[in-house]
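The chain contents come next:
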Amino acid sequence: MRSGGGPAAFLMKALQQLSFLKFNLRPEGTPGEDTRVLALFRNRAELKKAYGALQEEVFHLKDLIKQQEAATQRAQDMLGTLEARLGAPETAYPALVFYQLRRLWQSGRELLAAFVADLVRQQEERERRAHLAQHNRRQFARRQVAENELRIAQARHLQAGAQAAALEAERVALARWWHYLRRRALQRRSDAAQAALASAGAALGQAQLNVEAIARESTPQFPGLSLPARRAINLAAIAYAEVLCLRLTELNTPLVTRAREATGHREAGDNYGSPQQCVLLMGQISRALGLISARGGLSAQIKARSERLSRAARYRSDNDSSPLADSLAFSEAETQAVGSLALAAAAPLPNVLAEDTWDLFRVLLR
C-alpha cells in the first residue's frame, strides 16, 4: 500500500476542492441580506426619531405641570394672605376697599368693551350691507354690458348666417356651364361670408362665456371695517371713558386714580385709612358704580366729546387708527368748564382725567 493514499485521502481532497464552490440557495424574488439590513437600520432611525419626539413632549408636559403647580401655589398663598387679612378688623376693611376699587375699574372696562362691541357690530353690519350693495351695483352694470354684448353678438351671428346661407343658395342655383365665372365670384363671396360667420360664432361664444362667468361670481369677502370707521369707534370709546371719569368727579374723591392703582397691584394695601374711612369709601364706590351705569344723557355727552376729539386727534401715520395720547389733551376752555368739578388733589383735573381715561381705554384700541 502506498503511503498517503487510500480512499480516505482521496475523499478529503475532493471535499476541499468542492469547498471553493458557492451555491446560491436563496429562492428568487426574496430580498437579499443587505436589503433587510437597510430596512432594519431605517426602522431603527424612525423609531429613534419617534422616541425623541415623545421625550420632547414629555418634557414639555412636565414643564407645564411645574408651571401649573407654581401658579396653584401662588393662588394658595394669595388666598392664605387674604384669609389672614380678613381675619383681622384693622386689615379686613382695607382689603374690602381694595377689591371694590378693582371691581369699579373692571366695571368701567366692561362698559367700554360692551360699548365698543356694540359700535363695531352696528358699523360692520352697515358697511357689510354697503359693501354688498356696491358689489351688486357693479355686478349689475357688468351684467347689463355683457348681456348687451351677447345680444349684439347673437344678432351679428344671425345676420352672418343668413348672408352665408343666401350666397350659398345663390351659388348652388347657378348650375349651368355658362355660370362658371359667376359661380367663382360667388364662391369667393361665400368663403368670405363663412369666415365672417365663424368670427361671429367665436364672438358669440365669448359673449356667452362672459355672461356665465359674471353669473358664477361669488360675493367678495367683506374686507372689514374701514379706517374712518375704526377711528370713529376709537374716538367714541375715548369719549365714553372721559364721560365715565367726569361722572366720578361728582364724588369729590379721586376714585378713578385709586381704582387704577388698585388694578396695578396684586395684593391689598393698608393705605385706605381707618375702618370708618374705609366704610365711607365703600359707600362712595357704591355710588360710583351707580353713576357709571346710568344711561341718562349718555349719547349726547359721547357725541359732543367725540366731535371735539375728532378735531383734535392726531395719528402716527395715514393708516393708523389709534390716536396719539398727546393730541387728546383737554383744552383751556374745557379746563374752565370742568373747573367746578376739580378733585381735592394737587394735580389739575384735566391731566388726571386724560391719564386715567387713556389707561382705561388703551386695551380697547382697534
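Summarised in this report is the structure supplied together with it. Position numbers for residues start from 1 in each chain and track the written sequence from start to end. Reporting in this predicted model follows two pLDDT cut-offs: at least 70 for local features of residues, and 80 or more for side-chain atom pairs to be given and counted; totals over whole chains, interfaces and linings ignore these cut-offs and use all residues. To obtain the side-chain values, all non-hydrogen atoms of the structure were used and water was disregarded.

Observations concerning the nonpolar core
Here is the rule: In these notes, a set of buried Ala, Val, Leu, Ile, Met, Phe, Trp, Tyr and Cys residues joined through side-chain atoms within 4.5 Å is what counts as a nonpolar core. Each residue is assigned to one of three classes by its accessible area relative to the maximum for its type, calculated with a 1.4 Å probe on protein chains only: buried under 20%, partly exposed between the two thresholds, exposed over 50%. Only DSSP runs of H or I reaching four residues or more are called helices, and only runs of E reaching two or more are called strands; each is numbered from the N terminus. In what follows, residue pairs with any heavy atoms lying within 4.5 Å of each other are defined as contacts.
Of all hydrophobic cores here, the largest spans 36 residues; its most connected members are Val97, Leu101, Leu255 and Tyr272. Elements supplying a minimum of two residues to this core: helix H3 (89-173), helix H5 (227-248), helix H6 (255-263), helix H7 (275-293) and helix H8 (298-312). No other element matches the 10 residues that H5 contributes to this core. Not counting the four nearest positions on each side in its chain, Val97 is found in contact with Tyr272, Cys278, Leu281, Met282 and Ile285. By size, the runner-up hydrophobic cluster in this structure holds seven residues, among which are Ala146, Leu150, Ala207 and Ile214.

Some remarks on the environment of Arg314
This is how the line gets drawn: Nitrogen and oxygen atoms within 3.5 Å of one another constitute a polar contact, given that in protein one can donate a hydrogen and the other can accept it, and given that sequence-neighbouring residues count only through two side-chain atoms.
Mapped onto the secondary structure, Arg314 falls in the loop between H8 and helix H9 (332-337). Along the backbone, Arg314 and Ala325 are 11 residues apart, and their C-alpha atoms lie at a distance of 8.6 Å. For Arg314, the contacting residues outside a window of four places in its chain are Pro323, Leu324 and Ser327. In terms of polar contacts, Arg314 uses its side chain to reach the backbone carbonyl oxygen of Arg311, at 3.3 Å.

Quick notes on the pattern of salt bridges
Oppositely charged side chains can pair when the atoms bearing their charge come close. Here is the rule: The term salt bridge refers to a side-chain nitrogen of Lys or Arg lying within 4 Å of a carboxyl oxygen of Asp or Glu.
Within the structure shown, the criterion is met by seven salt bridges. The partner of Glu125 in a salt bridge is Arg129, and the shortest N-O contact between them spans 3.1 Å. Here Arg129 and Glu125 lie together in helix H3, a separation of four residues that amounts to about one turn. Overall, Glu125 belongs to the partly exposed group, its relative accessible area being 41%. Across the salt bridge formed by Glu242 and Arg308, the nearest N and O atoms sit 3.2 Å from each other.

Thoughts on H8
The periodicity of an α-helix, 3.6 residues per turn, causes residues three or four places apart in sequence to face the same way. Spelled out, the test is: A helix is expected to span 1.5 Å multiplied by its residue count minus one. The arc in question is the one traced by the directions running from the helix axis out to the C-beta atoms.
Under the 1.5 Å per step criterion, the end-to-end length of H8 is 21 Å for 15 residues, consistent within 8% with the ideal 21 Å. Turning to H8, its buried residues are Leu298, Ile302, Arg305, Ser306, Arg308 and Leu309. All buried residues of H8 project into a common sector of 165 degrees when viewed along the axis, lining one side. Turned more than 90 degrees from where H8 packs its buried face, Ser299, Ala300, Lys303 and Arg311 sit exposed.

Brief notes about the side chain of Ser306
Relative to the helices and strands, Ser306 resides in helix H8. On the basis of relative accessibility, which here comes to 16%, the residue Ser306 falls in the buried class. Residues within four places of Ser306 in sequence aside, it is in contact with Leu235, Ala236 and Ala239.

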